[in-house]
Amino acid sequence: MALRWDTAVGALLVAVVVAGLGTTDGFGSGENLAFAFNDIAEVALIALPMTLLVVAGQVDLSVASMLGLGSALTGALWDAGWAFETIVPVVLLAGVAGGLLNGWLVTRVGLPSLAVTIGTLALYRGLASVALGSDAVTDFPRTYTDWAVDTTTVPGTFLTYPVLLFIVLAVITAIVLHATGLGRSLFAIGAQEEAAYFAGIRVKRIKLLLFVTTGLFSAFAGIVFTLRYGSARADNGLGFEMLVIASVLLGGIDFDGGKGTLFGAVAGVLLIGVLKNLLTLNDIANEVQVIVTGLLLVASVLTPRVIAAVVERRHRRAADARP
Amino acid sequence: MMLRNAAGRRAVATAATALSLALALSACSGTTKDSSDKESTKAGATAKADPGAALKKGLKLAFLPKQINNPYEKIVDDAGIEAAKEYGGTGKEVGPSDASASSQVSYINTLIQQRQDAILVAANDPNAVCGPLKQAMKKNIKVVAYDSDTAKECRQLFINQASSEEIGRSLVQHLGEQIGYQGRIAILSATQNATNQNTWIEFMKDELKLPKYKDMKLVKVAYGDDADQKSFQQTQGLMQAYPDLKGIISPTTVGIAAAARYLSDSSYKGKVVLNGLGTPNQMRKYVKDDTVEQFSLWNPEELGYLGSYAAAALASGQITGAQGEKFKAGKLGEYTIGKDGEVILGKPTVFDKKNIDTFDF
């Protein structure tokens, strides 16, 4: 194939950025770039473990609910007078527990991850509402919120701290996925789970680990979200799971598992973020933005299949033409 | 089951370790709610007001409603955009399609990049929008909250629909006139802990203490939880418990519509006076079939109109948002800024058979 899908998404991202710089006032300002990337920080953070999950042929729809639960817990415990330094590990632990429940139901009870996480999507959001009700906790000190807000950047750059953190974690995730045995196991599980099992890969344990990691990242994203907006609420991040999965699929990770690169997933996340920023700057209505994202997603799922079908047909025709 | 294998055991062990670590940490000192510094910076009070300044031409205003396509907010914003034309400015409405806490934030950033002169915001969350709004004010973009306030330090003005006192007292006054200041009355509220509802009810009770209401007796405050079905049942319950009830005040749009629905189908229709806060579209048919004679709500068009002029006055330097400053809001006349930058639109509008068809929201 001439152009790999993830490279194509990367190229499209560059094209969109260049188009934005050329056409839209204010797009290229450091302030706007800092904002545009920070605006998708939580989605980007969750997209990392989600990429690993989807490569392994699994999916977790409960991530945004876990973000909400993380946020609600942060708020409730802060309101109860806990130290922030204590709240963080407790919230992360809640993420691990949520991930363990997802993973346990998938690996031990043997339910499909889609069904399990549709259930826990409701469960975790419900728990978040129990923890905080419909209140918002907002009296977090500036020392913490400044760490995540859109206007505090790493000196000398337009990168905010959540984005910097994302970059570090993305590099680690890329190494795990593409340069370790564990990464190869994920592709193997995603491609052919049974074969992977008989090849000696500890399928269940790896899957459990993946769900736990996803839960952990989601809860952490809940803390980042809370600080960024200075507002802990049970309904924070409502609907984010779709944005995360859309970005990952857009980046060329095959929903059936076994295919994709982390580069593609990251390019997918950034593309959705930059597009959203650019469309908003040009006063494009929200509905249109949703349609654009939807079309991109459909294209990303369809195009590789269409290409594969075309290639297949050409091969067959070439074979038929042979004497 | 789960613990019988190594992975499960290890996971639980890790969890237990982390938990004990967390508990140990909590014993140490850290930043808690009580120890954290509470700062409040008063923004916008630095500039000097020039009451004589003319409204600038070509001002760019942006309305950011709680959510786009909300019919009520559309009326407010359209009226504000129309008002901008009167003083030679332009207005637009942008916003998210969902009313979640964070969804307005990216729009504020955009409006900053677009160098608008003023942002008018009906905040979904008083604090989530604070960071970018402060950023906007730093860049000399004026910020006016309307309909739903932000934290005080994140905007220069708040355009309030009506004062709580005005709403509470006027509802009792209206009902008093309707029933000839005689008989037993009840209140159908939303939830037991709704702040705005309870404030209104306090003022209602206070108004009822006046001598002219000596023959009016409040017998019960019922709570319909702003759920249609529950409000309907509560109305039913009120009529069963107090068959001689003369009037009901329902200061909630859900409650009043549900109560009207019950009354319109019951033998109490025309005998029990229902008043309260409602929207014309919800209440139209009950006004037309004589179940309800009148109800109130603020006029959303005037809210948008006032907000638009207030933003223009700020952007033109006529006012800075300090208490006591005055500005002219076109056909609505002169307004004075109250405590904490609050501007009150005025008395609620009373809707009845005569005027209800001129409103659509």
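Everything here concerns the structure above.
Overview of the structure. (Residues numbered from 1 in each chain as written. Chains lettered and ligands numbered in written order. Predicted model: local features only at pLDDT ≥ 70, side-chain atom pairs only at ≥ 80, totals over all residues. Heavy atoms only, no water.)

This part is about the side chain of B:Arg284. All names here are of chain B. Position of arginine 284 among the secondary structure elements: in helix H9 (residues 280-288). Side chain to side chain, arginine 284 and asparagine 281 meet in a polar contact 2.3 Å long. Side chain to side chain, arginine 284 and aspartate 357 meet in a polar contact 3.3 Å long. Setting aside residues no more than four positions away along its own chain, arginine 284 makes contact with Ile356, Asp357, Phe359 and Asp360. (Helix = DSSP H or I, 4+ residues; strand = E, 2+ residues; numbered from the N terminus. Polar contact = N/O pair within 3.5 Å; in protein donor to acceptor, adjacent residues only side chain to side chain. Contact = heavy atoms within 4.5 Å.)

Right, let's talk about the interface of chain B and chain A for a bit. Each partner contributes residues to the interface: chain B has 44 residues there, and chain A has 44 residues. Of the roughly 3700 Å² buried between chain B and chain A, counting both surfaces, carbon and sulfur atoms make up 55%. One can count three salt bridges joining chain B with chain A. We note a salt bridge from B:Lys92 to A:Asp283, for which the minimum N-O separation is 2.4 Å. Viewed at the interface, chain A and chain B are joined by 13 residue pairs in polar contact (both at pLDDT 80 or more). If you tally residues by element for the side of chain B that touches chain A, the top one is helix H1 (residues 6-27) of chain B, at 10 residues. For the side of chain B that touches chain A, the residue count by class is 18 nonpolar, 18 polar and eight charged. (Buried area = accessible area lost by both parts, 1.4 Å probe. Salt bridge = Lys/Arg side-chain N within 4 Å of Asp/Glu carboxyl O. Nonpolar A, V, L, I, M, F, W, Y, C, P; charged D, E, K, R; others polar.)

Our next topic: helix H2 (residues 71-86) of chain B. Residues and elements named next belong to chain B. The terminal C-alpha atoms of H2 lie 23 Å apart, and with 16 residues this matches the ideal 22 Å at 1.5 Å per residue to within 8%. Taken together, the buried positions of H2 are occupied by Tyr72, Glu73, Ile75, Val76, Asp77, Ala79, Gly80, Ile81, Ala83 and Ala84. Remark: glycine 88 follows H2 within two positions and exhibits a positive phi of approximately 75°. (Expected span 1.5 Å × (residues − 1). Buried < 20%, exposed > 50% of the residue type's maximum accessible area, 1.4 Å probe, protein only.)

Quick look at the sheet that holds strand S2 (residues 90-93) of chain B now. All names here are of chain B. As summarised here, the arrangement of the six strands in space is S2-S1-S3-S4-S5-S13, forming an open sheet in which the pairing is parallel. Strand pairing shows two members of the sheet lacking a second neighbour, S2 and strand S13 (342-344), which therefore form its edges. Along the sheet, successive strands turn relative to each other by an average axial angle of 20°, direction set aside. Packing against the sheet, helix H3 (residues 105-113) makes contact with strand S1 (60-64), S2 and strand S3 (118-121), and its axis sits at approximately 175° to S1. (Pairing = 2+ DSSP bridges. Axes fitted to C-alpha atoms, helices over the stretch in contact; angles between N-to-C directions.)

None of this, on its own, says anything about what the molecule does.
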